[in-house]
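# A look at the structure
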Amino acid sequence: MKAIRRFTVRPVLPEPLRPLSDLARNLRWSWHAETRDLFQSVDPEAWSAAGGDPVRILGRVRPARLAELAGDRRFLRRLTAVADDLDDYLTGDRWYQTRADGMPGAVAYFSPEFGITAALPQYSGGLGILAGDHLKAASDLGVPLIGVGLLYRHGYFRQTLSRDGWQQEHYPVLDPNELPLTQLKEPDGSLAQLSLALPGGRALHARIWLAQVGRVPLLLLDSDVEENDLGERGVTDRLYGGGSEHRLLQEMLLGIGGVRAVRTYCRLTGHPEPEVFHTNEGHAGFLGLERIAELCADGSDFDSALEAVRGGTVFTTHTPVPAGIDRFDRELVARHFGADAELPGIEVDRVLRLGMETYPGGEPNLFNMAVMGLRLAQRANGVSLLHGQVSREMFAGLWPGFDPDEVPITSVTNGVHAPTWVAPEVLRLGARQVGSERAEDALSVGGSERWDSVAEIDDQEIWELRRTLREQLVQEVRERLRASWRQRGAGNAELGWIDGVLDPDVLTIGFARRVPSYKRLTLMLRDRDRLMELLLHADRPVQIVVAGKAHPADDSGKRLVQELVRFADDPRVRHRIVFLPDYGMAMAQKLYPGCDIWLNNPLRPLEACGTSGMKAALNGCLNLSVLDGWWDEWFQPDFGWAIPTADGAGTDPDHRDDIEAAALYDLLEQRITPRFYERGRAGLPDRWIQMVRQTLTLLGPKVLAGRMVREYVERLYVPAAQAHRALAPDAARELAEWKARVRAAWPGVSVDHVETTATTATAELGTTVGLRVRVGLGELTPDDVEVQAVSGRVDAEDRITDATVVPLKPAGAPDLDGRLLYEGPLALDRTGPYGYTVRILPSQRLLASAAELGLVAMPSGEGVEGAGVLLR
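Residues numbered from 1 in each chain as written. Predicted model: local features only at pLDDT ≥ 70, side-chain atom pairs only at ≥ 80, totals over all residues. Heavy atoms only, no water.

A few words now on the overall build of the chain. Regarding its fold elements, the chain presents 28 helices and 29 strands. Against the compact-globule benchmark of 29 Å for 872 residues, the chain has a radius of gyration of 30 Å, which places it among compact chains. Expressed along its principal axes, the backbone C-alpha trace of the chain runs to roughly 95 × 70 × 50 Å. Per-residue burial for the chain yields a buried fraction of 57% across its 872 residues. Considering only contacts within the chain whose residues lie at least 6 apart along the sequence, 73% involve residues at least 24 apart. Working note: accessible area of the chain is about 35,300 Å², and carbon and sulfur atoms make up 49% of it. Averaging the coordinates of the 98 positive side-chain charges in the chain and doing the same for the 122 negative ones gives two points 5 Å apart. (Helix = DSSP H or I, 4+ residues; strand = E, 2+ residues; numbered from the N terminus. Rg over C-alpha atoms; globule rule 2.2 N^0.38 Å. Buried < 20%, exposed > 50% of the residue type's maximum accessible area, 1.4 Å probe, protein only. Contact = heavy atoms within 4.5 Å. Areas by Shrake-Rupley, 256 points an atom, 1.4 Å probe, with all protein chains shown as cover. Lys, Arg positive; Asp, Glu negative; His and termini not counted. Charge placed at Lys NZ, Arg CZ, Asp CG, Glu CD.)

See below:
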C-alpha cells in the first residue's frame, strides 16, 4: 500500500548526545573526516544505508542504541572533542581575520546551483561544484560570505540506462525536512517569507531555508509553499528545467528574491550587511536591479543608483560560448517588470537597456543575462587565463574601440576544495609526514608555492597508496556496475562476469563530466581497433572508467552516451571499459583518487576551466588533456601530458577529431603505458612515481580553492568594497552626472595632429623620441581625459602587440582654435618593427578601468607625421 501523506519524524536525542544534532546540521561534516568517523561509529550499518548522511542516520538509529551511546564514556569523550573542534572552527580567527583593516564586512555570493554534498543534491555539474567549493574555502579562510541559491524540490535528475544503453531520467522528490536544512523564522516563530510581484496582480511567494556550510550560511529559496498557485509552486521544481518563462521566473527569484532573502537574514541574525555582491554566472544578474530599486526608494535617481550598485558588484562568467548564456525575448522580460509587475519604480526601458545586445553582431531583440551582468558590475572575471582571454574577445562588442586585451574582464583560475576531494588515505599519509594541523592548513588555506615535504615520502609508500586507491575503485565500480545492470533488467545469473571487471594492477584512466558535444565523450572511440589493442594489450593493458550525464533535452548527448555504453557492453572489452550511470559527488569522490590518468579532450578553447582534473591531481593522478582551461595555464611535462590540437580555423571538424584521437592513442601507446609498466631496480615504476610526486609538490598548491578565494578577496572583493564605500550617494551622483556629460560631449573629442622628433623611419634601440599631439576636447577639460601614447611591436598588418601605455602631459594654453598641445617621451625599448599611436580616454578617479565607458578617440589618417618608427 502507498502512503497518502508523508511525515518526517525527528529523533529525541538523550541529553548527553544533543551535540550530535548540531554536528549533523553543520555541513562541515562533509569535509571533516573526524565528524564523519564519529557518526559512522554510531551505527556502521545505518551509516552505510543512509549514504553517509548524518541527518538521515539520526532518524534511523534505534532508541536502544542511542541510550547505549549516552552511557558510553569513550563515545562521549569523542563527541565532546569533535563538538569542541567545530566550536573552535566557527569562532576562532582564521586567515581573513588576520588581514589589514578595510576588508569587506560581508560578501553575498549568488549561484543557481551549489554542490556541497551528495546529501544536498542541488547541483548539476561543474558550476555548482565550484560554487560549493567556493563556500567551503571561504569558511576555512574565515571570509564572511553569505551564499544565496534556490531549493529545487527535484534537484537535478537521477540517471539510469535502458537495456539498449539509452539514458533515462528520474526526478525523485526531495523533502526539505529530511535534508540538513532549517527554515528561517521571524522572532514570533512564523516562517520568514518574501514575495515577487507577477503580471496581472499575482505574486510569487518563497520561503527561506538555511544550510550552514561551516561558518558560511547558505540561503535557499523555495517556491513550493501553500500561498502560491500551482504554477508558481513549480518555479523551484527542478534545476535547469522548463521553458523560457519558467527560467526567467527562477532567475528573478534568485536575483531579486535573493537580495530580499539576504536583507531578511541580516535583520533576523544581526549578520553584517554585504558590501559586495558576487554573481556566479548571469543567472542571478537581476540582483543588481533589486539593489538599484532599494537605492531609488531611498531617494537616489536611477543613474546614481546604477553607479553605486556597479561599484560593489563582481560578475564571474563561466561560459566560453554565446550558446551557454541565458537569453530571453525582450517582450517576455518587459512583461515581468514595470507598473503591473516587479520593480514598478523602474522604467521598463531602463531594465531592457541593461540586457539588450545593442552592439555589432548582437541580436537586438534578445535580453542577454551575461550582458546585464557585465553592465551591472564594475569588476568581472573569467575562470582561467585562457577563458579570460576568450571572454574578452566574446564580449568585446560592449567596449567598442578597444582591443580585446583591454576589455575589463580579468581572470581568477578556479580551484577545488581539497578536504572534500582528497581521499582519506592521502590525507593520512600527509598528516603522518607533516602533522595533521599543518596538513589541514596546507590543503584548506594554501599559500605555499610548493609542498616540499612530499619529496620525503618513500617511493614504496606512494606506490602502495596508489594501488590501494585503485583497488578501492575496482570494488566501487563492480558494485555500481552490478546495480546498473540490474536496473537495465539483467538477472543475477547473467552477471557473474562483473567479478572480473577491472584489475587493481592495470593502468586506470578516468573520464567523467557532463556530456555536451564539445567535451567529446566518444573521441576515444574514433578508432575502435586501436582502442581495443590498448585495452587488451598483453603486457601493457589499460582500463577506462567513464561517467557522465547528458542534459534531458539533449538527444545528441544521449546518443553519445549510448554509443559509449554499447561499446562498453561488448563482451570482448567489458572487463576493461565501463560506463557508470548517475555521475555525482559520491561517485566522484571514489573515482578521482582511484585513477592513474585523468583524461580530458574538449574542443579547445571551449572548456572554461575544467576542475575535475584538479581534483584528480590532488590525489596523485596524472592529467592527460587538451591544452584548454586550467591545463593550458599550468601544464608541465613533469606532471602530465598535453594532447596536441588541430584547432586551425579551416580544419574540418571530422578531420580534427581524427587527428586529435590519433594523437591521444600515440601518447598512450608510446609514452604513457611504457612509463607506467616499466620497473626500476626495486621493482617500482620509478619515473611514474616521480611524476606523481611532482604533481603533488608543484601542482597541488596551485589548484586549491583556498588559493582561488584568496585571489577573489584580494583582487576583486577588497577593491569592490572600497568602491562601494567611495560611491556614497553624493559621489555616485557625481560619477553618474560626469558620465552623462562625457558621453554627450565625446563626439567633439579628437586627435588632430601627431608629430615626433624622429627624423627618419629607423632609430637605434634605447633612443627616446619626443611626441607632440594636438587634441580637441570640445566641451570637456583636461581633467576629464587622459591622452596616451600606445607603443609596441607591430605585426604584418600594423597592429600593435604587447603594448606599452604612457600618459602625455598638457603643455600650455589652448590655441586660437581651442586645441590643446600634449607632449611626452616615447622610449624605443624593443628592436624590430615598432609602432605607436595616440588616443584619448575618459579619466575620473571613481572609474575602475579606463575602458569602463567604452569611449576612445583615435587619430584619423590625416595630420599624422611619422606615425610609425622602425627600429633596427
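What follows covers the layout of surface pockets. With a probe scaled to a water molecule rolled over the atoms, the places where space remains empty come into view. What the second largest pocket holds in volume is close to 860 Å³. Lining the second largest pocket are 30 residues, and of these Leu 306, Arg 375, Arg 743, Glu 852 and Leu 853 lie nearest its centre. Looking at the lining of the second largest pocket, the elements that each hand over two or more residues are helix H11 (302-311), helix H13 (348-355), helix H14 (369-375) and helix H28 (729-745). Residue classes in the lining of the second largest pocket are distributed as 16 nonpolar, five polar and nine charged. (1 Å grid on protein atoms, 1.4 Å probe; cavity = no way out; pocket = protein on both sides within 12 Å on 5 of 7 lines; lining within 4 Å. Points joined across faces, edges and corners; volume = space filled by probe spheres on them. Nonpolar A, V, L, I, M, F, W, Y, C, P; charged D, E, K, R; others polar.)

Pairing within the open sheet is parallel, and its six strands lie in the order E17-E16-E15-E18-E19-E20. The outermost strands of the open sheet, each flanked by one partner alone, are strand E17 (577-580) and strand E20 (640-643). Averaged over all neighbouring strand pairs, the angle between strand axes comes to 20 degrees, with direction disregarded. Running over the sheet, helix H25 (residues 653-677) touches strand E15 (507-512), strand E16 (542-547), strand E18 (597-600), strand E19 (622-626) and E20 and is turned about 165 degrees from E20. Packed on one face of the sheet, helix H26 (residues 686-699) meets E15, E18, E19 and E20 and runs near 80 degrees to E19. (Pairing = 2+ DSSP bridges. Axes fitted to C-alpha atoms, helices over the stretch in contact; angles between N-to-C directions.)

Residue position: Gln 694 is located in helix H26. Counting along the chain gives 57 residues from Gln 694 to Pro 637, while the straight-line C-alpha distance between them is 9.9 Å. Each residue touching Gln 694, except ones within four places of it in the same chain, is listed here: Asp 638, Phe 639 and Leu 699.

Our next topic: the packing of helix H19 (residues 459-487) against H26. Two elements in contact, H19 and H26, have axes separated by 10 Å at closest approach and are oriented at 85 degrees. By the angle class used here, H19 and H26 are roughly perpendicular. Listed contacts from H26 to Asp 459, Ile 462, Trp 463 and Arg 466 of H19 are Asp 686, Trp 688, Ile 689, Val 692 and Arg 693. Across the contact of H19 with H26, the residue classes break down as five nonpolar, no polar and four charged. (Parallel < 35°, antiparallel > 145°, perpendicular 65-115°, else oblique.)

Below, the discussion takes up the confidence of the model for the chain. Scored by pLDDT, the chain has a mean of 92; 97% of the residues are at 70 or more. Throughout residues 863-872 the model reports pLDDT below 50, and contacts reaching past four residues in sequence, or to other chains, amount to 39 contacts. (pLDDT = per-residue confidence, 0-100.)

The subject of this paragraph is the side chain of His 154. Within the fold, His 154 resides in the loop between strand E2 (145-150) and strand E3 (158-161). A polar contact of 3.2 Å, which involves the side chain of His 154, links it to the backbone oxygen of Tyr 171. When neighbours within four sequence positions are excluded, His 154 is seen to be in contact with Tyr 171, Pro 172, Val 173, Leu 174, Asp 237 and Arg 238. (Polar contact = N/O pair within 3.5 Å; in protein donor to acceptor, adjacent residues only side chain to side chain.)

Let us look at the pattern of salt bridges. On inspection of all chains with the given rule, the structure shows 65 salt bridges. Two residues, Arg 310 and Glu 307, come together in a salt bridge whose shortest N-O distance is 3.9 Å. With a gap of three residues between them, Arg 310 and Glu 307 both fall in helix H11, about one helical turn apart. Bridged by salt links that share partners, the residues Arg 520, Arg 526, Asp 654, Arg 656, Asp 657, Asp 658 and Glu 660 form one connected network. (Salt bridge = Lys/Arg side-chain N within 4 Å of Asp/Glu carboxyl O.)

With that out of the way, let us pick up the side chain of Ser 791. With respect to the secondary-structure elements, Ser 791 resides in strand E24 (residues 785-794). At 3.1 Å, the side chain of Ser 791 forms a polar contact with the side chain of Tyr 834.

For the rest of this paragraph, the subject is the sheet that holds strand E26 (residues 809-810). An order of E21-E23-E27-E26 is seen for the four strands of this open sheet, with the pairing classed as antiparallel. Only two strands of the sheet have a single partner each, and these edge strands are strand E21 (750-756) and E26. In the sheet, E21 pairs with strand E23 (residues 768-776) via six bridges, with the strands oriented antiparallel. Bridge pairing in E23 places His 753 opposite Arg 774.

Let us now look at the packing of helix H10 (residues 287-297) against H11. Their axes nearest at 9 Å, the elements H10 and H11 cross at an angle of 125 degrees. Looking at the two axes, H10 sits oblique to H11. As H10 runs across H11, the sense of the crossing is right-handed. The segment H10 lies against H11, with Gly 288, Arg 291, Ile 292, Leu 295 and Cys 296 engaging Phe 302, Ala 305, Leu 306, Ala 308 and Val 309. Looking at the contact of H10 with H11 residue by residue, the classes come out as eight nonpolar, one polar and one charged. (Left-handed = near helix turned anticlockwise from the far one by under 90°.)

Quick look at empty space enclosed by the protein now. One pass over the structure, following the stated rule, counts seven cavities of 30 Å³ or more. Here the largest cavity is characterised by a volume of approximately 90 Å³. Considering the residues around the largest cavity, the lining is formed by 13 residues, among which Leu 481, Trp 485, Ala 568, Asp 569 and Phe 579 are closest to the centre. Counting residues per element, the ones that place at least two in the lining of the largest cavity are H19, helix H21 (555-568) and E17. Grouping the amino acids of the lining of the largest cavity by side-chain chemistry returns nine nonpolar, one polar and three charged.

Turning our eyes to something else, we now look at a negative patch on the surface. Among the surface-exposed residues, Glu 34, Asp 37, Glu 437, Glu 440 and Asp 441 lie close enough to one another that they form a single negatively charged patch. Elements represented by at least two residues in the negative patch include exactly helix H2 (33-42) and helix H18 (436-444). Take the negative patch: its biggest share by element is three residues, from H18. Within the secondary structure layout, Asp 37 lies in helix H2. Residue class for Asp 37 comes out partly exposed when judged on its relative accessible area of 42%. (Patch = residues over 30% accessible without salt bridge, like charges linked within 9 Å, V, L, I, M, F, W, Y side chains within 5 Å.)

Turning to the packing of aromatic side chains, a few remarks are in order. Evaluation of the coordinates by the stated rule reveals 20 aromatic pairs. Between Phe 676 and Trp 688 the ring centres are 5.1 Å apart and the planes differ by 90 degrees, which places this aromatic pair in the edge-to-face class. With Phe 676 in helix H25 and Trp 688 in helix H26, this pair connects stretches of sequence that are 12 residues apart. Ring-pair connections join several aromatic residues into one group, and the members of that group are Trp 463, Trp 641, Phe 676, Tyr 677 and Trp 688. In this arrangement the basic side chain of Arg 574 is found over the ring face of Trp 497, its NZ or CZ atom lying 4.0 Å from the centre. (Phe/Tyr/Trp six-rings, centres within 6.5 Å; stacked < 30°, edge-to-face > 60°. Lys NZ or Arg CZ within 6 Å of the ring centre and 35° of its normal.)

Every buried residue of H13 is accounted for by Arg 350, Val 351, Leu 352, Leu 354 and Gly 355. Next to the buried residues of H13 lie H10, H11, helix H12 (330-335), strand E12 (366-368) and H14.

Take H18 next. By the burial criterion, the buried members of H18 are Ala 439, Leu 443 and Ser 444. Angularly, the buried residues of H18 cover 115 degrees about the axis, an arc narrow enough to put them on a single face. Exposed positions of H18 whose direction lies more than 90 degrees from the buried face are Glu 437 and Arg 438. As for H18, its buried residues are in contact with helix H7 (126-141), helix H16 (418-421), helix H17 (424-434) and helix H27 (705-726). Count one or two residues on from H18 and you reach Gly 446, which has phi positive near 70 degrees. (Arc of directions from axis to C-beta.)

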